[in-house]
Amino acid sequence: MNTKQYNYLITIASCQGISAASERLGISQAALSKFLAEQERILGVKLFVRYRKHMYPTPAGKLYLDAAQNILTVKNSTLQTINRLTHGISDPIRIASTPYRGAELFSRVFSRFSSLFPTVDLSLSEIYSSHQEEEIHRSHVDFAFGVNLHSSYSDVCNLPVCREELVLAVPSFHPLAHLADPNQLVSIPIQAFRDTPFILPGQKNNIRIVAEKLFQSAGFAPVIAFESGNGMTVDAMIRKGAGVGFISSRYVKPTPELAYFRLDPPCFEISYLRYKSGRLLTDVERCLLGILIEERLKTPSQELIPGPEIESFLKEVPQL
């Protein structure tokens, strides 16, 4: 198998299906389906399983995809090294992302960007959203991608890119849980839970920041049964019914232990691109930001916030 075919498998996994992957790759669905079937026949294992109209890697598939990604990474790194020796390299573009999810997002961005611009280096720093605007203001980084507004530096542009709705997860034994509809989210005001214990993430967590603004707007201080800086612990406590909690809509999964509500008015976590106001962006930088937006929108439940600047970035990304 050549590296182009490795990219086929990675794209199927990224798009979670043949249809979207074939469109991105510019080949027919029939050809891509035939390719996948042939690879599975040669290997003697299933690489993907289908669940609710989406395709997910099997354990064997995940191992194979990890190996394929490593091969492509080595290839790109080798091309970069050759180009640097031949043409030299300029100062890196410095980017800040949030830890964990942000770093994972940028791993995909780097792979696509380096294949287009092998002589342009990228430098990634993991910085929480609450400190990104200050880092832009101090010129420590060129671009940042994070959620929510935290500061008011006049020289920092915060361009809204996309948003994700936050919903309320409520224990099934709560008196209001019977109002929920498993087929569609029912809207409910946060004031209805003013006497209910809440499970909340730590003070610096972005969901906590949104929640605090919501409580302030509703005019009450919540009863906090438990709070933690560990997101997995907070999620586990919510799912065990220890209290009401906020979760991203992508994590809504039908379960007998929980009921879900849309807040009235709806509550969103907004993602922003950040850079110095008035900065003259190069074509390379505009392409980088376009790739970043495209990769972010691959996350389930992210809704694009349209605008002329966003559209101009997306147009800079070459189509396969």
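Attention here is on the structure that accompanies the text.

Rules used in this analysis
Residues numbered from 1 in each chain as written. Predicted model: local features only at pLDDT ≥ 70, side-chain atom pairs only at ≥ 80, totals over all residues. Heavy atoms only, no water. Helix = DSSP H or I, 4+ residues; strand = E, 2+ residues; numbered from the N terminus. Buried < 20%, exposed > 50% of the residue type's maximum accessible area, 1.4 Å probe, protein only. Contact = heavy atoms within 4.5 Å. Areas by Shrake-Rupley, 256 points an atom, 1.4 Å probe, with all protein chains shown as cover. Lys, Arg positive; Asp, Glu negative; His and termini not counted. Charge placed at Lys NZ, Arg CZ, Asp CG, Glu CD. Phe/Tyr/Trp six-rings, centres within 6.5 Å; stacked < 30°, edge-to-face > 60°. Lys NZ or Arg CZ within 6 Å of the ring centre and 35° of its normal. Core = buried A, V, L, I, M, F, W, Y, C linked by side-chain atoms within 4.5 Å. Expected span 1.5 Å × (residues − 1). Arc of directions from axis to C-beta. Axes fitted to C-alpha atoms, helices over the stretch in contact; angles between N-to-C directions. Parallel < 35°, antiparallel > 145°, perpendicular 65-115°, else oblique. Nonpolar A, V, L, I, M, F, W, Y, C, P; charged D, E, K, R; others polar. Pairing = 2+ DSSP bridges. Salt bridge = Lys/Arg side-chain N within 4 Å of Asp/Glu carboxyl O.

Quick look at the overall build of the protein chain now. Regarding its fold elements, the protein chain presents ten helices and twelve strands. When its C-alpha atoms are laid out on the principal axes, the protein chain stretches across 65 × 55 × 30 Å. In the protein chain, buried positions account for 42% of the 320 residues. Across the protein chain, the fraction of contacts at a sequence separation of at least 24, relative to all contacts at a separation of at least 6, is 73%. Surface summary for the protein chain: the accessible area is close to 16800 Å², and the carbon and sulfur share equals 55%. Between the mean site of the 33 positive side-chain charges and the mean site of the 31 negative ones, the protein chain shows a separation of 5 Å.

Turning to the side chain of arginine 208, a few remarks are in order. Structurally, arginine 208 is set in helix H7 (residues 206-218). Residue classification places arginine 208 among the buried positions, given a relative accessible area of 2%. Apart from the residues within four sequence positions on either side, arginine 208 is in contact with Leu200, Pro201, Gly202, Gln203, Ile224 and Glu227.

What follows deals with the packing of aromatic side chains. Counted under the stated rule, the structure contains eight aromatic pairs. For the ring pair phenylalanine 113 and phenylalanine 117, a centre distance of 5.0 Å and an interplane angle of 40° mean the geometry is tilted. Judged by its relative accessible area of 1%, phenylalanine 113 is buried. By the ring-pair criterion, three or more aromatic residues cluster together here, those being Phe198, Phe215, Phe220 and Phe246. A cation over an aromatic ring shows up here: arginine 163 above the ring of phenylalanine 268, its NZ or CZ 3.8 Å from the ring centre.

Turning our attention to the nonpolar core. With 27 residues, the main nonpolar core has Ile93, Leu273, Tyr275 and Phe313 as its most contacted residues. Looking at this core, the elements that each hand over two or more residues are strand S3 (93-97), helix H5 (101-116), strand S5 (143-147), strand S6 (156-171), strand S11 (258-276), helix H9 (283-297) and helix H10 (308-315). Element by element, the count of residues in this core is highest for H9, at six residues. What tyrosine 275 contacts, discounting residues up to four positions off in sequence, is Ile136, Asp142, Phe143, Asp155, Val156, Cys157, Leu159, Leu281, Leu289, Glu309 and Phe313.

A few words now on H9. Its 15 residues place the ends of H9 21 Å apart at the C-alpha level, agreeing with the 21 Å of an ideal helix rising 1.5 Å per residue. Across the 15 residues that make up H9, a large majority, eleven, are buried. Three or more residues of H9 are buried, namely Glu285, Arg286, Cys287, Leu288, Leu289, Gly290, Ile291, Leu292, Ile293, Glu295 and Arg296.

The subject of this paragraph is helix H3 (residues 29-43). With 15 residues, H3 ought to run about 21 Å at 1.5 Å a step, and its terminal C-alpha atoms sit 21 Å apart, in line with that. Along H3, the positions that sit buried rather than exposed are Leu32, Phe35, Leu36, Gln39 and Glu40. Down the axis of H3, the buried set is contained in an arc of 130°. They therefore lie on one face. Turned more than 90 degrees off the buried face of H3, the exposed positions are Ala30, Lys34, Arg41 and Ile42. Backbone geometry just after H3 places glycine 44 at a positive phi near 80°.

Glancing now at the side chain of glutamate 285. As for its position among the elements, glutamate 285 is in helix H9. Glutamate 285 has contacts with Ile93, Phe143, Arg279 and Leu280, leaving out every residue within four places of it along the chain.

This part is about the packing of H9 against H10. Contact geometry for H9 and H10: axes closest at 7 Å, N-to-C directions at 100°. As summarised for this structure, H9 and H10 are arranged roughly perpendicular, according to the angle between their axes. Across the interface between the two elements, Arg286, Leu289, Gly290, Ile293 and Glu294 from H9 touch Ile310, Ser312, Phe313 and Leu314 from H10. Taken together, the residues of the contact of H9 with H10 sort by class into five nonpolar, two polar and two charged.

With that settled, consider the environment of glycine 241. Along the chain, the position of glycine 241 falls in the loop between helix H8 (231-239) and strand S10 (245-248). We classify glycine 241 as buried; its relative accessible area is 14%. Ignoring any residue separated from it by four or fewer positions in sequence, one finds glycine 241 in contact with Pro171 and Phe173.

We now examine the pairing of strand S2 (residues 54-57). Relative to S2, strand S1 (residues 48-51) runs antiparallel, the two being bridged by four bridges. Bridge assignment links arginine 50 to a residue of S2, and that residue is methionine 55. A loop of two residues connects S1 with S2, the two strands running antiparallel in sequence, and arginine 52 in this loop sits at a positive phi of about 50°.

Throughout the structure, instances matching the rule amount to 17 salt bridges. A salt bridge links arginine 112 to glutamate 295, with the nearest nitrogen and oxygen atoms 3.0 Å apart. Of the two residues, arginine 112 is situated in helix H5 and glutamate 295 in helix H9; the sequence distance between them amounts to 183 residues. Judged by relative accessible area, arginine 112 falls into the partly exposed class, the value being 25%. The buried category is assigned to glutamate 295, whose relative accessible area is 2%. Taking the shortest distance from any N to any O, the salt bridge between glutamate 285 and arginine 279 comes out at 2.6 Å. A relative accessible area of 29% places arginine 279 in the partly exposed class. Several salt bridges share partner residues, and in doing so they unite Arg94, Asp142, Arg279 and Glu285 into one network.

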